[in-house]
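Coordinate analysis (summary)
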Amino acid sequence: DAVEGTENKVGKSVRFKDDIAEYMEPVSVTIAKEEDYGNVLESYLSLCTKLRVKPCRKLVDQLEGLHNSTLRLDTIDLKGTKLDAAHCEALESVLRALQAQTLNIEQTQLDDDGAISLFEMVEYYEPVTRLIVANNIRLGVRAWLALARLLKRFHRLEYLDVRRTSLDESTMPLLCRVLKLNCTLRVLHLEDNHLSGILIRNLVWGLRTNTMLQDLFLGHNRLTPEDAKLIGSLLITNHTIRLLDLRNNRLQDTGMIFLASALEEQQAGLHLITVWSNQITASSMPALSRALAFHTTLEGVNLGSNAIGNKGIECLKEGLLSSRSIARLVMASCTITNEGAVVMAEIIGDHTTLIHLDLRENNITLAGVLALKCAYAINQKLLRLHLDVMKKPNHDPLMEQLLTDIEQYSVRNLELHKKSDQILAENLQKQAESSGTESTTSVLKPSEQTLQEQVDYQLALKLQQKEQQHSIHANVRLFFSDGIF
């Protein structure tokens, strides 16, 4: 009765009654106010009752915590909760009302129907920017089609984790076509999917012209030297991938040579590479040394758990000394003895950009530690020298003193590093004030620093407060909390 319509030969017109006194504003369904979290929980429980499914206790606890503390939800965490199609339908009341950073549906036994329902909700309501679907091996072609459609249409999704899923020759092309279309993904986890052969070829095809993806994780995929050759060809043409994680594969020396040759030709682009545990020996180190000498952006190399040995360090010496970008080097568990430690000490003494060096799980004894200590004494750039000699029995007082000296050099360099940052910030502030423009020191704000830079700064503060209470050999683990090194 509120609307009366009339028609004539010319067209249609609409007339409202005169007694309409108010109207309602449209309601946003994408962001809930803090005072509405209780309503979100009630809606979820009500929808579960309607669908005759048991509410997810893990999700209820999260929503109750939000309601009581009036905090925003950072992660919708459903990891380990069994989700069938009905349970996924019940999640709509949550996904349409809340915005979070991450939706974690790892190991939820998703099938096609449940996954399609969830992916369509994420596409429509856009509640998150990070999606974790790892350890769901029942996903079929229909589910991957829905995920591909989500990646194509949802322009805020930056992080996708599909470790140990059902990727095969029928589903991998669906993902790769979206990557080729330059979807907004910046981080992609593909570990433990047995991608060797045709699957890695599809991935390289999809990423060859991609200019968005920055971090690519391909560990535990049984990759071979031939796969490394394909990845190397990708690096030559793609200069936007910053991090490449190839840990626990079977690249061997042949594969490492392919990668090193690609880096030598690329010269700029990649920042971090991990080849931990890939059956690599000293034979491929000359090729890597040449790549280090020519590459201008490579900051970190993880060679850990490979039998590189003393000969390998000798081969790397020239490339490391020639590099002006390398900052982090991991050579843990590389069968290094005192002879290799002496060569590394020579590198430390002359290097100006190296800030982290990991030599743990090697057979380095008193003579090697003494050489490293002497080199560290004159190096004011190295922030961390990781050794685990303290774990070995029967260390003598001299060894303890050497390790204490190494710890003090770390504290000294961290303090110098902090002071140099403060001086730089002050100089930039003065320049900004003198020129009458806004300060350019925003580049130093923690929110805009890289993860590793934030960890460096936080650890420096910790060491200043507790330098006499905790050994560096315990605190250094903070540097590897990102899982890269």
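Just above sits the structure.
A brief look at the structure comes next. In this text, all values refer to a predicted model and were calculated from it rather than measured experimentally.

**Some points on the overall build of the protein chain**
Helix and strand counts for the protein chain stand at 17 helices and 14 strands. When the 485 residues of the protein chain are sorted by exposure, 49% land in the buried category. Across the protein chain, the fraction of contacts at a sequence separation of at least 24, relative to all contacts at a separation of at least 6, is 83%. In the form shown here, the protein chain has an accessible surface area of approximately 23,900 Å², with 51% of it arising from carbon and sulfur atoms.

**Observations regarding the packing of helix H8 (residues 198–207) against helix H9 (residues 225–237)**
One way to put it is that H8 packs onto H9 with a least axis distance of 10 Å and a crossing angle of 0 degrees. When the interaxial angle is binned, H8 and H9 end up roughly parallel. For the pair H8 and H9, contact is made by Ile 200, Arg 201, Val 204 and Leu 207 and by Asp 227, Leu 230, Ile 231, Ser 233 and Leu 234, respectively.

**So, unusual backbone geometry**
Despite not being glycine, Gln 267 has its phi angle at roughly 70 degrees, a positive value. Looking at where Gln 267 falls in the secondary structure, it is placed in the loop between helix H10 (252–266) and strand E10 (272–274). Taking the relative accessible area as the measure of exposure, Gln 267 reaches 40% and is therefore partly exposed. If you check the backbone angles, Ser 305 has positive phi at about 60 degrees while not being a glycine. Of note, Ser 305 is situated in the loop between strand E11 (300–302) and helix H12 (309–322). For Ser 305, a relative accessible area of 29% corresponds to the partly exposed category.

**Observations concerning the packing of aromatic side chains**
Applying the stated criterion across every chain yields a total of two aromatic pairs. Pairing Tyr 124 with Tyr 125 gives two aromatic rings, centres 4.9 Å apart and planes at 85 degrees, and the pair type is edge-to-face. Given a relative accessible area of 66%, Tyr 124 falls into the exposed group. Judged by its relative accessible area of 10%, Tyr 125 falls in the buried class. For the cation-ring pair, Arg 130 lies above Tyr 159, with the distance from its terminal atom to the ring centre recorded as 3.8 Å.

**Quick notes on the nonpolar core**
In this structure, Leu 218 and Met 331 are the most contacted members of the largest nonpolar core, which totals 126 residues. When residues no more than four places from it in sequence are discounted, the contact partners of Leu 218 are Leu 190, Leu 195, Ile 200, Leu 203, Leu 223, Ile 231, Leu 244, Asp 245, Leu 246 and Asn 249. Counting seven residues, the second largest nonpolar core, distinct from the first, contains Ala 134, Val 187, Phe 217 and Leu 272.

**Thoughts on the pattern of salt bridges**
Across all of its chains, the model carries 16 salt bridges by this definition. Two residues, Arg 149 and Glu 120, come together in a salt bridge whose shortest N-O distance is 3.9 Å. Taken together, the residues span a long stretch of sequence, with Arg 149 in helix H6 (residues 141–153) and Glu 120 in helix H5 (residues 112–125) at a distance of 29 residues. Arg 149 sits in the partly exposed class, given a relative accessible area of 28%. Accessibility expressed as a relative area gives 41% for Glu 120, which makes it partly exposed.

**A word on the sheet that holds strand E13 (residues 356–358)**
Across the sheet, twelve strands lie side by side as E3-E4-E5-E6-E7-E8-E9-E10-E11-E12-E13-E14; this open sheet has parallel pairing. Looking at which strands have only one partner, the edges of the open sheet turn out to be strand E3 (75–77) and strand E14 (384–386). Strand-to-strand twist of the sheet, defined as the mean angle between neighbouring strand axes without regard to direction, takes the value 5 degrees. Where strand E4 (residues 102–104) lies against strand E5 (residues 130–132), three bridges are found, and the strand directions are parallel. Following the sheet pairing, Thr 102 is matched in E5 by Arg 130.

**Topic: the side chain of Asp 161**
Mapped onto the elements of the fold, Asp 161 is located in strand E6 (residues 159–161). Within the structure, the side chain of Asp 161 is placed 2.8 Å from the side chain of Arg 163, a separation counted as a polar contact. Each residue touching Asp 161, except ones within four places of it in the same chain, is listed here: Leu 131, Ile 132, Val 133, Ala 134 and His 189.

**Some words on the environment of Pro 173**
Along the chain, Pro 173 falls in helix H7 (residues 172–180). It is 8.1 Å that separates the C-alpha atoms of Pro 173 and Leu 199, two residues lying 26 residues apart in sequence. If sequence neighbours within four positions are ignored, Pro 173 has contacts with Asp 168 and Asn 202.

**Brief notes about H10**
An ideal rise of 1.5 Å per residue puts 21 Å on 15 residues; H10 measures up with 21 Å between its terminal C-alpha atoms. Along H10, the residues classified as buried are Asp 253, Gly 255, Met 256, Leu 259, Ala 260, Ala 262, Leu 263 and Gln 266. Buried residues along H10 sit in contact with H9, E10 and helix H11 (285–294). Directly after H10, the chain includes Gln 267, whose backbone phi takes a positive value near 70 degrees.

**Thoughts on the environment of Asp 405**
As for its position among the elements, Asp 405 is in helix H15 (residues 397–435). Relative accessible area serves as the criterion here: at 13%, Asp 405 is assigned to the buried category. The sequence separation of Asp 405 and Ala 377 amounts to 28 residues, and the corresponding C-alpha distance is 8.4 Å.

**Some words on H5**
Relative to the 20 Å expected for 14 residues at 1.5 Å per residue, H5 spans 20 Å between its end C-alpha atoms, a close match to the ideal helical length. Here H5 has its buried residues at Asp 112, Gly 114, Ala 115, Ile 116, Ser 117, Leu 118, Phe 119, Met 121, Val 122, Glu 123 and Tyr 125. Looking at the buried residues of H5, the elements they touch are helix H3 (85–90), helix H4 (92–95), E4, E5 and H6. Once H5 finishes, Glu 126 follows within two positions and takes phi at roughly 50 degrees, a positive value.

Parameters at a glance
Per-chain numbering applies: the sequence of each chain, read as written, is numbered from 1 onward. Restriction of local features to residues with pLDDT of at least 70 applies here, the model being predicted, together with a cutoff of 80 or more for giving and counting side-chain atom pairs; totals for whole chains, interfaces and linings are based on all residues. Only hydrogens and water are set aside; all other atoms, that is, all heavy atoms of the structure, feed into the side-chain values. Helix and strand definitions here come from DSSP, where helices need a minimum of 4 consecutive H or I residues and strands a minimum of 2 consecutive E residues; each element is numbered from the N-terminal end. Accessibility here uses a 1.4 Å probe with only protein chains present; expressed as a share of the type maximum, an area under 20% marks a residue as buried, one over 50% as exposed, and anything in between as partly exposed. Contacts between residues were defined by any pair of non-hydrogen atoms, one from each residue, lying within 4.5 Å. The accessible surface values rely on the Shrake-Rupley method and a 1.4 Å probe; as for residues, cover is taken only from the protein chains in view. Fitting a line to C-alpha atoms yields each axis, with helices limited to the stretch in contact; the angle taken between N-to-C directions then spans 0 to 180 degrees. Relative orientations are named as follows: roughly parallel for angles under 35 degrees, roughly antiparallel for angles over 145 degrees, roughly perpendicular for angles from 65 to 115 degrees, and oblique for any other angle. Pairing of aromatic side chains here covers Phe, Tyr and the six-membered ring of Trp, requires ring centres within 6.5 Å, and sorts the geometry by plane angle: under 30 degrees stacked, over 60 edge-to-face, intermediate tilted. Two limits define a charge over a ring: the Lys NZ or Arg CZ must be within 6 Å of the ring centre, and within 35 degrees of the ring normal. Here, nonpolar core refers to any group of buried Ala, Val, Leu, Ile, Met, Phe, Trp, Tyr and Cys residues whose side-chain atoms link them within 4.5 Å. Salt bridge criterion: a side-chain nitrogen from Lys or Arg within 4 Å of a carboxyl oxygen from Asp or Glu. Between any two strands, at least two bridges found by DSSP are needed for them to pair. By the criterion applied in these results, polar contacts are pairs of N or O atoms within 3.5 Å in which, for protein atoms, one can donate a hydrogen and the other can accept it, and in which residues neighboring in sequence qualify only through two side-chain atoms. Expected span, for any helix, means 1.5 Å times one less than how many residues it has.

In short, the description is geometric, and any link to function would need to be established separately.
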